[in-house]
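Now for the letters of each chain:
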Amino acid sequence: MTLQTILLIGVVLFSALAVIARDLLKAAISLAVASLCLGLVFFGLGAPYAGVFEISVVAGLITVLFILTIALTKTGGDVREAKLVNIVFPLFFLVFLVVDALVMRSLLRKIPVLDAPAESGSFGQVLWQQRTFDLIGQIAIILAGVFAVLALFRKRENHD
Amino acid sequence: MTSTWLLYLFFAAALVFTGLYALLTKRNLIKLFIGIEIVSKGVILALLSTGAVKGNVLLAQALVITVIVVEVSLVATALALIINIYRHTKSLDVRQVAKLKG
């Protein structure tokens, strides 16, 4: 449990660093480290498949896409941000954490534990038999993403 | 077991707050998208921890994988859009996008 808590603190800290960091590359790498920590948390929760997806896809693929975009838009990275935003963030964050802790503490033992039927079978059975409709949706969304990227990067024809 | 669950929810709420703060205050398009990513991390953490605590970790995993696949598709499309916006405006400032209207 202690390791899980340390990893969770790492997720939140690296996410906060990704928001605060001025350099976009540092922000993207911080986000990747946060994803890595989150993937390890998933392993600790007994969800290895979700952990593998989180580490390989979110920490790997999405970071590559972010870095590629940052490289392609390098000269546009100097957007003027208000300085006050980064200075005020730790204060707001601490206030939110205190409120968050108080709310969670007040909820302790007040949420009734609902009975859930015990799970049986393997992960493959749950994914392929119970959530078949989700898989069809996933295929449709991947195809939509592919067509959207193709449409956005198509070569423009000169009509005039 | 409830206290463990609330600990995970505590961190999930902190992640959602961090992402929403970035969405509300940042002007760089890539930073805004990093904010969306952080919010989705919080949601995924809440989903999986609830599944693990309730003994439905397999179903929660299946849902998390669905969320991750949708996220990848979203990221690819949104980053392609950001590159296109950059080609048009030569800037990543979100206020420049507002000037495109009309």
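Trainee: Hey, could you run me through the domain arrangement of chain A in this one?
Mentor: Many descriptions give the size of an interface as the accessible area lost when the pieces come together. Partitioning chain A into structural domains gives domain 1 (1-74 + 82-100) and domain 2 (120-154). With centres defined by C-alpha atoms, the gap from domain 1 of chain A to domain 2 of chain A works out at 25 Å.

Trainee: Help me understand the packing of aromatic side chains, please; the structure alone is not making it clear to me.
Mentor: Ring pairs (aromatic) are described by centroid distance and by the angle formed between their planes. All told, the structure shown has eight aromatic pairs over all chains when counted by the stated rule. Measuring from ring centre to ring centre gives 6.1 Å for Phe66 of chain A and Phe33 of chain B, while their planes differ by 50°; the resulting arrangement is tilted. Within this pair, whereas Phe66 of chain A is found in helix H3 (residues 48-72), its partner Phe33 of chain B is found in helix H2 (residues 29-54), the two belonging to separate chains. Through a chain of ring-to-ring contacts, the aromatic side chains of Phe89, Phe92, Phe93 and Phe96 of chain A together with Phe17 and Tyr21 of chain B assemble into a single cluster.

Trainee: Would you explain the confidence of the model for chain B in this entry?
Mentor: Residues shown with low pLDDT carry predicted positions that ought not to be read at fine detail. In the predicted model, chain B carries a mean pLDDT of 88, and the fraction of residues at 70 or more is 96%. Mean pLDDT across the elements of chain B bottoms out in helix H4 (residues 94-98) of chain B (80) and peaks in H2 of chain B (92).

Trainee: Teacher, can you tell me more about the interface of chain B and chain A here?
Mentor: Between chain B and chain A, the residue contacts involve 66 residues of the former and 85 residues of the latter. A buried area of about 6,700 Å², summed over both sides, lies between chain B and chain A, and 76% of it is on carbon and sulfur atoms. Summed over the three residues of chain B that lose the most area to chain A, namely Tyr21, Lys41 and Leu58 of chain B, the buried surface amounts to 9% of that side. Ionic pairing is found between Glu54 of chain A and Lys41 of chain B, a salt bridge with its closest N-O pair at 3.8 Å.

Trainee: Would you explain the confidence of the model for chain A in this entry?
Mentor: Averaged over all residues, the pLDDT of chain A equals 85, while 92% of them reach at least 70. Per-element mean pLDDT across chain A ranges from 79 in helix H5 (residues 123-130) of chain A up to 93 in helix H2 (residues 24-44) of chain A.

Trainee: Would you mind going over the packing of H3 of chain A against helix H3 (residues 57-89) of chain B with me for this structure?
Mentor: The relative placement of two packed helices is expressed as an angle between their axes plus a distance between the axes. The interhelical angle for the contact between H3 of chain A and H3 of chain B, taken along N-to-C directions, is 0°, at an axis separation of 10 Å. Here H3 of chain B runs roughly parallel to H3 of chain A, going by the angle between their axes. Classifying every residue of the contact of H3 of chain A with H3 of chain B by side-chain character gives 22 nonpolar, two polar and two charged.

Trainee: Even after reading the chapter, I still don't get the pattern of salt bridges, so can you show me in this structure?
Mentor: Side chains that differ in sign of charge can pair as their charged atoms come close. Residues and elements named next belong to chain B. Enumeration according to the criterion identifies three salt bridges over all chains in this entry. Residue Arg95 is joined to Asp93 by a salt bridge in which the shortest nitrogen-to-oxygen separation is 2.8 Å. Using a relative accessible area of 8% as the deciding quantity, one classes Asp93 as buried.

Trainee: Just checking my understanding: could you explain the nonpolar core for this structure?
Mentor: The nonpolar side chains of a soluble globular protein tend to be buried with one another. Within the largest apolar cluster, 69 residues are counted, with the highest numbers of intra-cluster contacts made by Phe42 and Phe66 of chain A together with Ile30, Ile34, Leu45 and Leu48 of chain B. Those elements that provide at least two residues to this core are helix H1 (2-20), H2, H3, helix H4 (83-107) and H5 of chain A together with helix H1 (2-25), H2 and H3 of chain B. A per-element tally of this core places H3 of chain B first, with 14 residues. Residues from two domains meet in this core; each of domain 1 (1-74 + 82-100) and domain 2 (120-154) of chain A gives at least three. Every residue in contact with Phe42 of chain A, bar those within four places of it in the chain, is listed here: Ala47, Ala50, Gly51 and Glu54 of chain A together with Ile44, Leu45, Leu48 and Val64 of chain B.

Trainee: Where do I start with unusual backbone geometry in this structure?
Mentor: If a residue is not glycine, its phi is most likely negative; likewise, a peptide bond is most likely trans. Residues and elements named next belong to chain B. Non-glycine residue Lys90 carries a positive phi angle of around 60°. On the secondary structure map, Lys90 appears in the loop between H3 and H4. Residue Lys90 is classed as exposed on the basis of its relative accessible area of 59%.

Trainee: Mind showing me how you'd approach the packing of H1 of chain A against H1 of chain B here?
Mentor: Viewed as axis vectors pointing N to C, H1 of chain A and H1 of chain B meet at an angle of 5°, and their least axial separation amounts to 9 Å. Taken together, the axes of H1 of chain A and H1 of chain B are roughly parallel relative to one another. Of the residues in H1 of chain B, those in contact with Gln4, Thr5, Leu8, Ile9, Val11, Val12, Ser15, Ala16 and Val19 of chain A of H1 of chain A are Leu7, Tyr8, Phe11, Ala14, Leu15, Thr18, Tyr21 and Ala22 of chain B.

So, how was this worked out
Residues numbered from 1 in each chain as written. Chains lettered and ligands numbered in written order. Predicted model: local features only at pLDDT ≥ 70, side-chain atom pairs only at ≥ 80, totals over all residues. Heavy atoms only, no water. Domains from an automatic or database assignment. Phe/Tyr/Trp six-rings, centres within 6.5 Å; stacked < 30°, edge-to-face > 60°. Helix = DSSP H or I, 4+ residues; strand = E, 2+ residues; numbered from the N terminus. pLDDT = per-residue confidence, 0-100. Contact = heavy atoms within 4.5 Å. Buried area = accessible area lost by both parts, 1.4 Å probe. Salt bridge = Lys/Arg side-chain N within 4 Å of Asp/Glu carboxyl O. Axes fitted to C-alpha atoms, helices over the stretch in contact; angles between N-to-C directions. Parallel < 35°, antiparallel > 145°, perpendicular 65-115°, else oblique. Nonpolar A, V, L, I, M, F, W, Y, C, P; charged D, E, K, R; others polar. Buried < 20%, exposed > 50% of the residue type's maximum accessible area, 1.4 Å probe, protein only. Core = buried A, V, L, I, M, F, W, Y, C linked by side-chain atoms within 4.5 Å.

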